[in-house]
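Summary of structural features
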Amino acid sequence: QVQLVESGGGSVQPGGSLRLSCAASGGTFINLAMGWFRQAPGKARDFVAAITWTGGSTYYADSVKGRFTCSRDNARKQAYLQMNSLKPEDTAVYYCAAKYGGVWLTERSRYNYWGQGTQVTVSS
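Remember, predicted model here, so these are calculated numbers, not experimental data.

1. What to know about the nonpolar core
General note: in soluble globular proteins, nonpolar side chains tend to be found buried as a group. Ranked by size, the top nonpolar core spans 37 residues in total, and within it L4, M34, W36, L81, M83 and Y94 carry the most contacts. Of all the secondary structure elements, the ones that give two or more residues to this core are β3 (18–25), β4 (32–39), β5 (45–51), β7 (68–73), β8 (78–83), β9 (92–100) and β11 (118–122). Apart from the residues within four sequence positions on either side, M34 is in contact with L4, C22, F29, A49, A50, I51, R72, A79, C96, A97, A98 and Y111.

2. What about the state of the cysteines?
Applying the stated criterion across every chain yields a total of 1 disulfide. There is a disulfide in this structure between C22 and C96, and the S-S distance comes to 2.0 Å. The sign of the -75 degrees torsion about the S-S bond sets the C22-C96 disulfide as left-handed. One end of the pair, C22, is in strand β3; the other, C96, is in strand β9, and 74 residues separate them in sequence. Across the pair, C96 and C22 agree in class, each one buried. Free cysteine: C70, not disulfide-bonded; nearest cysteine sulfur from C96 at 8.7 Å. With a relative accessible area of 4%, C70 lands in the buried category.

3. A few points about the sheet that holds strand β1 (residues 3–7)
Ordered by their spatial adjacency, 4 strands build an open sheet running β1-β3-β8-β7, and the pairing between neighbours is antiparallel. At either end of the open sheet lies a strand with only one pairing partner, and these are β1 and β7. Strand-to-strand twist of the sheet, defined as the mean angle between neighbouring strand axes without regard to direction, takes the value 15 degrees. By the bridge criterion, 5 bridges tie β1 to β3 in an arrangement that is antiparallel. Bridge pairing in β3 links Q3 to S25.

4. Quick notes on the layout of surface pockets
Taken as a whole, the largest pocket spans an internal volume of roughly 170 Å³. Lining of the largest pocket is provided by 14 residues; of these, R38, A40, K43, D46 and E89 occupy positions nearest its centre. Of all the secondary structure elements, the ones that give two or more residues to the lining of the largest pocket are β4 and β5. Counting residues per element, the lining of the largest pocket draws most heavily on β5, at 3 residues. Residue classes in the lining of the largest pocket are distributed as 6 nonpolar, 3 polar and 5 charged.

The rules behind the values
- Residues numbered from 1 in each chain as written.
- Predicted model: local features only at pLDDT ≥ 70, side-chain atom pairs only at ≥ 80, totals over all residues.
- Heavy atoms only, no water.
- Core = buried A, V, L, I, M, F, W, Y, C linked by side-chain atoms within 4.5 Å.
- Buried < 20%, exposed > 50% of the residue type's maximum accessible area, 1.4 Å probe, protein only.
- Helix = DSSP H or I, 4+ residues; strand = E, 2+ residues; numbered from the N terminus.
- Contact = heavy atoms within 4.5 Å.
- Disulfide = S-S within 2.5 Å.
- Pairing = 2+ DSSP bridges.
- Axes fitted to C-alpha atoms, helices over the stretch in contact; angles between N-to-C directions.
- 1 Å grid on protein atoms, 1.4 Å probe; cavity = no way out; pocket = protein on both sides within 12 Å on 5 of 7 lines; lining within 4 Å.
- Points joined across faces, edges and corners; volume = space filled by probe spheres on them.
- Nonpolar A, V, L, I, M, F, W, Y, C, P; charged D, E, K, R; others polar.

Interpretation note: all reported values are geometric properties and have no functional meaning in isolation.
Now the structure itself:
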């Protein structure tokens, strides 16, 4: 069983930056693809970014391309989401997720393991 714990959320002004971390325990981290999703109040949980187990490939939602960067450190069993040029519409609860296998990384239903979420608020 894989456990995921996110950290790094908070409040920031538009144009600011935050770095989210996701610490994994249990399972075999090096075999896990890692994804990031977000859910704003009253909305569905949407795909944000994902990274393959090697870190060789990353995927991003169109709304965050060029602003967010997904990375991982397999030795530390951590995944990261660097968020720059934040906008008010980025406000949401951000969730880290994990799955075995290297396909369907943008599909929420394909992820087996989820963190508890961390709040990101972008407001002036």
